[in-house]
Amino acid sequence: MEIPRHWRLKKQRYALVGEVCPHCEAKIFPPRDVCPHCSGEAKTPYQFSGQGEVYSYTVMNDAPAGFEENTPYTVAVVKLAEGPMVTAQLTDLGAEPVKIGMPVEMVTRRIRSDGNDRGMIVYGYKFRPVMQ
Amino acid sequence: MDAAGTEKPSLLLKTLKPIGIIGYGAYVPRYRIPAAEIARIWKGAEGSLPVKEKAVPGLDEDVITMSVEAARNALARAGIDPQELRAVWVGSESHPYAVKPSGTVVAEAIGASTNIQSGDWEFACKAGSEALVAAMGLVGSGMGRYALAIGMDTAQGKPGDALEFTAAAGGAAFIVGPAEEALAVIEGSYSFVTDTPDFWRREGKKYPEHSQRFTGEPAYFHHITSAAQTYLEDSGTKPEDYTFAVFHQPNAKFPQRVAGMLGFKPEQIKTGLLVPEIGNTYAGSSLIGLSNVLDVAKPGDRILTVSYGSGSGSDAFGLLVTGAITERQGKALKTRDYIARRTEIDYAQYVRLRRKITME
């Protein structure tokens, strides 16, 4: 059971809320309160647009504990439009083949249950092919 | 006036302040199972099927995730800061938790403040429209400037049951605010409620039960016609005053028949009739029909929407579309964008997506 951790991370997980550095304006995700670019203090919340592109990806056929139900699924490194890279599942792929450089957008989805079907449901960001 | 010459009091729900819908948004998941595929498994393909196909949620979707997306679309159209919402209400009969509100997760995900009401609503297929009436009350009384009401479902259908053909996933979100900001002014509403046991699901049970033919005349038709007729009479409007009408749509036949009974023509209900393509989205059913109408409505159009929820009750709403609609329609994905995004699945995939296989 990791309820306190899920609860602490909910803002960044549900809606891709990171930080913006007040000194060099770098957009930061995940939030860490210190700018990785200029090392200044950076605590200003920033709502990312959710737009990005696939930087790299792999297909998970043998999932870690808690994710077995969804196999096979695709995990990608997504380069956000504002700069940072995030690792996340791709979803709603349908028959579309995943390609490097493919434009994707953030959606909030069920990630897993904490424990079995009696546990809390963990929600968080995934990315899907951009809908026009 | 009655026979004694006294004025009959109006039964319409009218707010103290004029109000309207300032933003709306829909959501339909990607997967579709054709009714013919369900018929292939359970009873052959003879006879007429109630819909062409229905929308099925992905493994990582539920009423909360679908509500979040519809709410984000509504916020994009409203153009307001989510911190200004004073209510985030989700109406559904498939809330992911039996105890723990869906609304709190949705509110957090869309960036609402902590200054909100957020209880869940339940009234079978009219849980969403009931939340909309409550939002009218909250805004219309001056308790808050904006309120978000969502009707969303991932409806449960027992394998092999008649309702499995139609029990679908989808819905819509509406933000109620002052009339001067509205894309459609809410002219009033009226609700008609009785104790009618046509459909229910007992606590802890996976699938609902229904009383077969009893779901028609004393249930669906009686409540919708009662709500619509009282609304029309007390608002002094007639069917021909409306460009569009949307009725709850458990199948393709019922809404078309009730429209005819009330004096509406097929072209008035065509735009809002989505059930043949996405199935019955329960608490989302009449509301997603309305969102599809708003996607194409023009200033000056009048829209009548009547929901139906088993148990039973109907909410009737009259809307008058304003000039603000034109520039807001394109600010988010439209209902049809979601309907056009379609991946067909077979019954085996459906059984997996709906978690009907026991894994452990």
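On a predicted model such as this, the values are computed, not experimentally measured, just so you know.

**Q** Residues and numbers for the overall build of chain B, please.
**A** Broken down by element type, chain B carries 12 helices and 13 strands. Each principal axis of the C-alpha atoms in chain B carries an extent, and together these give about 60 × 50 × 35 Å. Across the 360 residues that make up chain B, the buried fraction comes to 62%. Considering only contacts in chain B between residues 6 or more positions apart, those separated by 24 or more positions represent 79%. For chain B, the accessible area works out to roughly 14,000 Å², and carbon and sulfur atoms hold 54% of it. Once the 38 positive and 41 negative side-chain charges of chain B are each reduced to a mean point, those two points are 4 Å apart.

**Q** Before we move on, can you summarise the interface of chain B and chain A with the specific residues and values?
**A** Across the boundary between the two partners, chain B contributes 24 residues, which contact 24 residues of chain A. Both faces combined, the contact of chain B with chain A buries some 2,200 Å², and carbon together with sulfur accounts for 47% of it. Across the pair A:Lys11 and B:Glu108 runs a salt bridge whose closest N-O atoms are separated by 2.6 Å. The tally of links from chain B across to chain A stands at 18 residue pairs in polar contact (both at pLDDT 80 or more).

**Q** Residues and numbers for the sheet that holds strand E3 (residues 53–56) of chain B, please.
**A** Residue and element names in this part refer to chain B. Strand order in the open sheet formed by three strands is E3-E2-E13, and the pairing between neighbours is mixed. Looking at the sheet topology across the chains shown, the edges are occupied by E3 and strand E13 (343–344). Note: strand E2 (residues 31–34) against E3, four bridges, orientation antiparallel. Bridging from a neighbouring strand, Arg32 pairs with Ala55 of E3. Relative to E2, helix H1 (residues 35–42) is tilted by about 55°, and along the sheet it contacts E2 and E3.

**Q** Could you give an account of helix H9 (residues 285–296) of chain B, naming the residues involved and the relevant values?
**A** Burial of H9(B) is extensive: 11 of the 12 residues sit out of reach of the surface. Buried within H9(B) are the following residues: B:Ser285, B:Ser286, B:Leu287, B:Ile288, B:Gly289, B:Leu290, B:Ser291, B:Asn292, B:Val293, B:Leu294 and B:Asp295.

**Q** Talk me through the packing of helix H5 (residues 216–235) of chain B against helix H6 (residues 253–262) of chain B; I want residue IDs and the actual numbers.
**A** When two helices pack together, their arrangement is captured by the angle between the axes and the distance separating the axes. Residues and elements named next belong to chain B. Where H5 meets H6, the closest approach of the two axes is 10 Å, and the angle between their N-to-C directions is 45°. Classified by the interaxial angle, the pair formed by H5 and H6 is oblique. As for how H5 packs across H6, the hand of that crossing is right-handed. For the pair H5 and H6, contact is made by Gly216, Glu217, Tyr220, Phe221, Ile224, Thr225, Ala228 and Gln229 and by Phe254, Pro255, Arg257, Val258, Met261 and Leu262, respectively. In terms of residue class, the contact of H5 with H6 is built from nine nonpolar, three polar and two charged.

**Q** I'd like a rundown of the pairing of strand E5 (residues 73–80) of chain A, residues and numbers included.
**A** All names here are of chain A. Taking burial as the measure, the eight residues of E5 include six buried ones, the bulk of the element. The pairing of strand E4 (residues 51–60) with E5 spans eight bridges and is classified as antiparallel. If you follow Val54 over to E5, its bridge partner there is Val78. Linking E5 back to strand E6 (residues 85–90) in an antiparallel pair, the connection comprises four residues, with Gly83 at a positive phi of about 125°.

**Q** Report on the pairing of E4(A), specifying residues and quantitative values.
**A** Pairing of E4(A) with strand E7 (residues 103–113) of chain A involves three bridges; the strand directions are antiparallel. Paired with A:Gly52 across the strands is A:Val104, a residue of E7(A).

**Q** Before we move on, could you go through a nonpolar patch on the surface and cite the residues and values that matter?
**A** A cluster of nonpolar side chains, namely A:Tyr57, A:Val59 and A:Ile100, defines an oily patch on the protein surface of about 290 Å² accessible area. Summarising the element assignment, A:Tyr57 is placed in strand E4.

**Q** Residues and numbers for the packing of helix H2 (residues 63–78) of chain B against helix H3 (residues 102–110) of chain B, please.
**A** Residue and element names in this part refer to chain B. Between H2 and H3, the shortest axis-to-axis distance is 9 Å and the interhelical angle comes to 45°. Taken as axis vectors, H2 and H3 run oblique relative to one another. Where H2 crosses over H3, the two elements pack in a sense that is right-handed. Residue-level contacts link Ile64, Ser67, Val68, Ala71, Arg72 and Leu75 of H2 to Ser102, Val105, Val106, Ala109 and Ile110 of H3. Of the residues contributing to the contact of H2 with H3, the split by class is eight nonpolar, two polar and one charged.

**Q** Explain the nonpolar core residue by residue, including any values.
**A** Proteins that are soluble and globular tend to have nonpolar side chains buried together. Residues and elements named next belong to chain B. Core analysis: the biggest nonpolar cluster contains 79 residues, and Leu85, Ile110, Leu148, Phe174, Ile175 and Leu294 have the highest contact counts within it. For this core, the element with the most residues is H2, which contributes nine residues. Look past the residues within four positions of Phe174 in its chain and what remains in contact with it is Ile21, Gly23, Tyr24, Leu132, Ala147, Leu148, Ala149, Leu287, Leu290, Ser291 and Leu294. If you look at the next biggest cluster of nonpolar residues, it comprises 24 residues, including Phe221, Ala227, Tyr242 and Ala316.

**Q** Which residues make up the sheet that holds strand E12 (residues 311–321) of chain B, and what values do they have?
**A** Residues and elements named next belong to chain B. The strand order E4-E5-E6-E1-E7-E12-E11-E10 describes an open sheet built from eight strands, whose pairing is mixed. Each edge of the sheet is formed by a strand with only one pairing partner; in this case those strands are strand E4 (85–91) and strand E10 (244–247). Across the sheet, the mean angle from the axis of one strand to that of its neighbour is 20°, orientation sign disregarded. Pairing geometry for strand E7 (residues 184–196) and E12, over 10 bridges, is antiparallel. The partner of Ser189 across the bridge, within E12, is Phe317. Contacts from H5 reach E7, E10, strand E11 (302–306) and E12 within the one sheet, and its direction differs from that of E7 by about 140°. Packed on one face of the sheet, H9 meets strand E1 (19–27), strand E5 (146–154), strand E6 (169–178), E7, E10, E11 and E12 and runs near 65° to E6.

**Q** Give me the side chain of B:Thr335: which residues, what numbers.
**A** With respect to the helices, strands and loops of the structure, B:Thr335 is situated in helix H11 (residues 335–340). Setting aside chain neighbours within four positions, we find B:Thr335 in contact with B:Ala26, B:Leu274, B:Ile288, B:Ser291, B:Asn292 and B:Asp295.

**Q** Report on the pattern of salt bridges, specifying residues and quantitative values.
**A** Scanning the model with the defined rule gives 30 salt bridges over all chains in all. The salt bridge partner of A:Arg109 is B:Glu61, with a shortest N-O separation of 3.3 Å. Taken together, the positions of A:Arg109 in strand E7 and B:Glu61 in the loop between E3 and H2 put the pair across two chains. Exposure class is identical for A:Arg109 and B:Glu61. Each is buried. A salt bridge links B:Arg342 to B:Glu53, with the shortest nitrogen-to-oxygen separation between them at 2.7 Å. On the criterion of sequence distance, the pair formed by B:Arg342 in the loop between H11 and E13 and B:Glu53 in strand E3 is long-range, its members being 289 residues apart. In this structure, a network of salt bridges that share partners links the residues A:Asp92, A:Arg109, A:Lys126, B:Asp60, B:Glu61 and B:Arg341.

Each value, and the rule that gives it
- Residues numbered from 1 in each chain as written.
- Chains lettered and ligands numbered in written order.
- Predicted model: local features only at pLDDT ≥ 70, side-chain atom pairs only at ≥ 80, totals over all residues.
- Heavy atoms only, no water.
- Helix = DSSP H or I, 4+ residues; strand = E, 2+ residues; numbered from the N terminus.
- Buried < 20%, exposed > 50% of the residue type's maximum accessible area, 1.4 Å probe, protein only.
- Contact = heavy atoms within 4.5 Å.
- Areas by Shrake-Rupley, 256 points an atom, 1.4 Å probe, with all protein chains shown as cover.
- Lys, Arg positive; Asp, Glu negative; His and termini not counted.
- Charge placed at Lys NZ, Arg CZ, Asp CG, Glu CD.
- Buried area = accessible area lost by both parts, 1.4 Å probe.
- Salt bridge = Lys/Arg side-chain N within 4 Å of Asp/Glu carboxyl O.
- Polar contact = N/O pair within 3.5 Å; in protein donor to acceptor, adjacent residues only side chain to side chain.
- Pairing = 2+ DSSP bridges.
- Axes fitted to C-alpha atoms, helices over the stretch in contact; angles between N-to-C directions.
- Parallel < 35°, antiparallel > 145°, perpendicular 65-115°, else oblique.
- Left-handed = near helix turned anticlockwise from the far one by under 90°.
- Nonpolar A, V, L, I, M, F, W, Y, C, P; charged D, E, K, R; others polar.
- Patch = residues over 30% accessible without salt bridge, like charges linked within 9 Å, V, L, I, M, F, W, Y side chains within 5 Å.
- Core = buried A, V, L, I, M, F, W, Y, C linked by side-chain atoms within 4.5 Å.

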